[in-house]
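Structure at a glance
So you can see what is in the structure, the chains are spelled out below.
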Amino acid sequence: MRAKLTFIVLLISLCSAKSYSQSVTLNYSGEPLNDVLLDLNDRFKLQVSVDPNLVNDCLITINRQFSSIEDALSTLAGFCGLEFVKVADVYVFRAKPLPPEESRPKSKPSFLFQGTIIESESKEPLPFSVIQFEGGGIVADENGRFSFKSEQSELTSTFRYLGYESKDTLIAYGNRLVVALEPNLTELTTIEVTSRKDIAPLANIGRSAGKIQFNDIANSLVPGLSDNLIFNNLRLYPGIMAAGESISDFVIWGSYAGQNHVVYDGITLFSSWGINDDIGRVNPYVIKNVEVLKGGYNAEYGDRVGGVVLIGTRAGNKNSVEANLNITNQLASAYLNVPVFSNRATLQVAGRKTILDGLDLAADFDEGDSLVVPRYDYTDFNLKFSTSFSNSDQLEISAIYSDDDYTGEVRDPRGQNGRVQDFNTNSTQRGASLNYVKSWENGGNTTFSMATSQYDPITSVSFQPRNQNPGNRDLVRASSANVISEDRIGIKHDFLSSANHQVKAGLEYVSSRAEFRTLIGDFGGLEIDDTSNRWSLFLNNRIQFTPDLIVELGAKADRPVNGSEFYFQPRVNAQYQISNNWSLHGAWGIYNQFVSKNFLIDNLGNRTESWMISDGVDNPIVEARHAVLGFGYNARLLQFGAEGFIKTTTGIQRFRINQQGTEFTEVGDADQKGLEFYMKKQIGAHEFMASYTLSEVSEQFQNSLRTFLEVAAPHSQNEELKVIASLSFKPVKISVSHVYGSGFTNQIQRIGQNQNPNNVADITIEPYHRTDLAIQFPFELGNASADAGVSILNLFNNRNVRLNQTISFDDGARINTIGIPFTPTFYLNLRF
């Protein structure tokens, strides 16, 4: 056999020149060009010269008649991108010649850099890592992946992630790069530790508009940590209200109930913590990172008009089995990580359960309006499977389940009729998600995702009717249920980034359903069952104009399936680095919400919350506009900054029943504005943080009969001051915090209260004071590492009032649900 590049020369004598002029019919289907030429040689006795390398992969499909053989051969050459010429009696097929060098456009080569940033020991991805290189920089996605091109085949790059040592390294191009970062082994506490200049801050605050970023290493000690990790950490940071201890939702920059989107591995959590006091629905053992977007965030997020809390869980350790056990006088918690499939995958299981007849050490307030909790039962379960494939694709399946049951009793402090209310509330939050990340050989990543979530709260109450005969002690039983569910399926693509552009786009189909049912005594009740389906599309481009100026331009568009209107939401976010330490940031955007939590209000102002569908027909679609501006100073031992925000929200809805039983629908607007300051300081191994928020929320509603005066919203609080100290006295660690809030009205305007409701005598505002303490001591217990400690909430047993949990009576008396009393929790952590 001749060499590969040897020309195949088919030489057969030409019988007659006249034969070349006869008509030629070509009829081939998927035949290689080389076979076609051999067939023509047999039919027409041709001499053909062709390079096999040019024709091996060219398949011919044709059915056509030609006037001459030359026309037929020319067409075949064109099919394969070749040139056809006749040299003497030989037909030659050859590649088309390139244009002269000077006439060809000059193109610079580009090289693909694509891979994943992981933790060195566990091999877990490090989401949202920052990558800086000559001429630009990008941010890794939620799976720690990056993909960009450069004109250089090697780049000196810096990789940073919260709580890990930054890495300066020279990387060569490739599409399966892996960059491993080492954890910062400096003792870590709740506040940012930067013992060396090249160690990334643990709590990233003040660098982007309205954004706070945490990871699991950054939060090793905070009071109440083992029970409600998310809230107990976030409440200490500016813009997230700590006063009120709301058990229904976060209050972020003046947001109303239901206006914040809490997302766990892509699963919407309609309730992020349990009914009782201080137990959250997310097990601390599974959390990897938390991002809080208070406002002004980009187009990738935002199915709500308030803030966003993104909770990412661990991918698991593929190299070894891990087990953790935590026991407190409230809960028992366990976690297990097992590598499977020859260390290509991990299976994680975690769960918590209240201890039967556990030690309830909380103090009681000696007041008639306290809320007595005789029984509380809580259970949760988390499951996650993670794997990576040989082509660098990733698959994650995550599930979460929690159930709590709470029984309480409220007594009328006047004792006139011995009126008693006892109630039982049960709620279940369940959800699951699947995410598959495809890495393309030529750059870019595509994420296919599915998620489902459902929240089922059921409440039943026994009470004595107001007009009941005093001699009749029978109770009337009332119950209500409000089921809210959501299903999502979507695709997101992170395009191949350049030094200056990082583009991502996504399309999602969202189906939501809300059910509301009530039953009072032997009478029927209200039943509502609504469904909404919509398409949601986003596009976002992170542009680095200069090394110091980054601008994100994006837009989100939602279209209900049964509607004809597009809800277009443009957004812009900018960061400017003035110097090594000083930076400015700002943001503006429009946000829409298609499921809402609305208030049902009786004639006394008592409130019940209910999830409902916002379809723009029966219920308005809520819209908000955010504007944010701030600055930050970030040095090795000192960080401080300020941020101001203005939000206007329209389409807020509530339902009111008057004394005659007539129902009114009220729709209103709210103005939320504020200014917040923060400072962090490190002194040796100790760290201190203080923040101060000055804000107000005003609202104005109207119904078919009247327009109410503009008043302060029930959750509007003018001032909130937070201070925290994290002290390290090896080996003992101490964390102490104090929160002061100026208080809130906690009352909705009553019908007829339309003169000057801000000066009504019966509205009293109680300030909020709470001091928390945690002490932890590490030690070794056989083959296990252990921590023992105590967490004390409300150290001085200050009486505080909970938000949105007030009961009003017909003579003007009010019963407030009391906040967390003096509550010590003893705990033991074991790590195997």
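Just so you know, these numbers come straight off a predicted model, no measurement behind them.

A few words on the overall build of the protein chain. Helix and strand counts for the protein chain stand at four helices and 46 strands. For the protein chain, the proportion of its 832 residues judged to be buried stands at 54%. Long-range pairs, those at least 24 residues apart, make up 65% of the contacts in the protein chain with a sequence separation of at least 6. Here the protein chain has roughly 36000 Å² of accessible surface; of this, 56% comes from carbon and sulfur atoms.

Our focus in this paragraph is the sheet that holds strand β7 (residues 111-119). Two pairing modes exist for strands in a sheet, parallel and antiparallel, and in both the strands are linked by backbone hydrogen bonds. Taking strand neighbours across the sheet as the criterion, the three strands line up as β10-β7-β13 in an open arrangement whose pairing is mixed. The open sheet is flanked by β10 (145-150) and β13 (174-181), the only strands paired with a single partner. Across the sheet, the mean angle from the axis of one strand to that of its neighbour is 30°, orientation sign disregarded.

Moving on: the side chain of Glu-676. In this fold, Glu-676 is placed in strand β37 (residues 663-683). Leaving out residues up to four positions away in the same chain, Glu-676 has contacts with Pro-238, Gly-239, Trp-253, Lys-294, Gly-641, Ala-642, Glu-643, Tyr-692 and Thr-693.

Attention shifts here to a nonpolar patch on the surface. On the surface, Phe-448, Ile-491, Leu-507, Trp-535, Leu-537 and Val-561 cluster together to form a nonpolar patch covering roughly 510 Å² of accessible area. Considering the arrangement of structural elements, one finds Trp-535 in strand β29 (residues 527-546).

Once that is clear, we can look at the packing of aromatic side chains. One pass over the structure, following the stated rule, counts 20 aromatic pairs. When the centroid spacing of 5.3 Å and the interplanar angle of 80° are considered together, the rings of Phe-270 and Trp-611 count as edge-to-face. Highlighted residues: Phe-270 in the loop between β17 (267-268) and β18 (287-293) and Trp-611 in strand β34 (residues 607-613), separated in sequence by 341 residues. For the pair Phe-270 and Trp-611, one class covers both residues: buried. For the pair Phe-389 and Tyr-436, a centre-to-centre distance of 6.1 Å together with 45° between the ring planes defines the contact as tilted.

With mixed pairing, the six strands of this open sheet are ordered in space as β14-β15-β18-β19-β16-β17. Here the strands that pair on one side only, and so sit at the sheet edges, are β14 (204-205) and β17. Sheet analysis places strand β15 (residues 211-215) next to β18, joined by five bridges and oriented antiparallel. Across the sheet, residue Phe-214 finds its bridge partner in β18, namely Val-290.

What follows covers the packing of helix α1 (residues 33-44) against helix α3 (residues 69-79). The interhelical angle for the contact between α1 and α3, taken along N-to-C directions, is 170°, at an axis separation of 12 Å. The pairing of α1 with α3 is recorded here as roughly antiparallel in orientation. Here Leu-33, Val-36, Leu-37, Leu-40 and Phe-44 of α1 come into contact with α3, specifically with Ile-69, Leu-73 and Leu-76. Across the contact of α1 with α3, the residue classes break down as eight nonpolar, no polar and no charged.

In this structure, Ile-230, Leu-234, Phe-250, Tyr-264, Val-309 and Ile-311 are the most contacted members of the largest nonpolar core, which totals 43 residues. Elements that contribute at least two residues to this core include exactly β15, α4 (229-234), β16 (261-264), β18 and β19 (308-313). The contacts of Ile-230, once residues within four sequence positions are left out, are Phe-250, Ile-287, Val-290, Val-309 and Ile-311. The next biggest cluster of nonpolar side chains, apart from the first, holds 24 residues, and it includes Phe-44, Val-50, Phe-66 and Leu-73.

The next subject is the side chain of Ser-157. If you trace the backbone, Ser-157 turns up in strand β11 (residues 154-160). Residue classification places Ser-157 among the buried positions, given a relative accessible area of 0%.

This part covers α1. An ideal rise of 1.5 Å per residue puts 16 Å on twelve residues; α1 measures up with 16 Å between its terminal C-alpha atoms. The set of residues buried in α1 consists of Leu-33, Val-36, Leu-37, Leu-40, Asn-41 and Phe-44. Projected onto a plane normal to the axis of α1, the buried residues spread over an arc of 145° and lie on a single side. Downstream of α1 by one or two residues, Lys-45 has phi in the positive range, about 55°.

Here the focus is α3. For α3, every residue scored as buried is listed here: Ile-69, Ala-72, Leu-73, Thr-75, Leu-76 and Ala-77. One or two steps after α3, the chain reaches Gly-81, where phi turns positive at roughly 70°.

Now for the pattern of salt bridges. Following the criterion strictly, the structure yields 42 salt bridges and no others. Glu-124 serves as the salt-bridge partner of Arg-314, at 3.3 Å between the closest nitrogen and oxygen. Of this pair, Arg-314 sits in the loop between β19 and β20 (322-328) while Glu-124 is found in the loop between β7 and β8 (130-133), placing the two residues 190 residues apart along the sequence. Neither residue differs from the other here; Arg-314 and Glu-124 are each classed as buried. Of the charged contacts in the structure, one is a salt bridge between Asp-303 and Lys-556, with a shortest N-O distance of 3.2 Å. Highlighted residues: Asp-303 in the loop between β18 and β19 and Lys-556 in strand β30 (residues 549-560), separated in sequence by 253 residues. Comparing Asp-303 with Lys-556, the two get one shared label, buried. One salt-bridge network, in which partners are shared between bridges, spans Asp-303, Glu-486, Arg-488, Glu-508, Arg-534, Lys-556 and Asp-558.

Scoring rules and cut-offs
Residues numbered from 1 in each chain as written. Predicted model: local features only at pLDDT ≥ 70, side-chain atom pairs only at ≥ 80, totals over all residues. Heavy atoms only, no water. Helix = DSSP H or I, 4+ residues; strand = E, 2+ residues; numbered from the N terminus. Buried < 20%, exposed > 50% of the residue type's maximum accessible area, 1.4 Å probe, protein only. Contact = heavy atoms within 4.5 Å. Areas by Shrake-Rupley, 256 points an atom, 1.4 Å probe, with all protein chains shown as cover. Pairing = 2+ DSSP bridges. Axes fitted to C-alpha atoms, helices over the stretch in contact; angles between N-to-C directions. Patch = residues over 30% accessible without salt bridge, like charges linked within 9 Å, V, L, I, M, F, W, Y side chains within 5 Å. Salt bridge = Lys/Arg side-chain N within 4 Å of Asp/Glu carboxyl O. Phe/Tyr/Trp six-rings, centres within 6.5 Å; stacked < 30°, edge-to-face > 60°. Parallel < 35°, antiparallel > 145°, perpendicular 65-115°, else oblique. Nonpolar A, V, L, I, M, F, W, Y, C, P; charged D, E, K, R; others polar. Core = buried A, V, L, I, M, F, W, Y, C linked by side-chain atoms within 4.5 Å. Expected span 1.5 Å × (residues − 1). Arc of directions from axis to C-beta.

Such coordinate-based values are descriptive only and should not be taken to indicate function.
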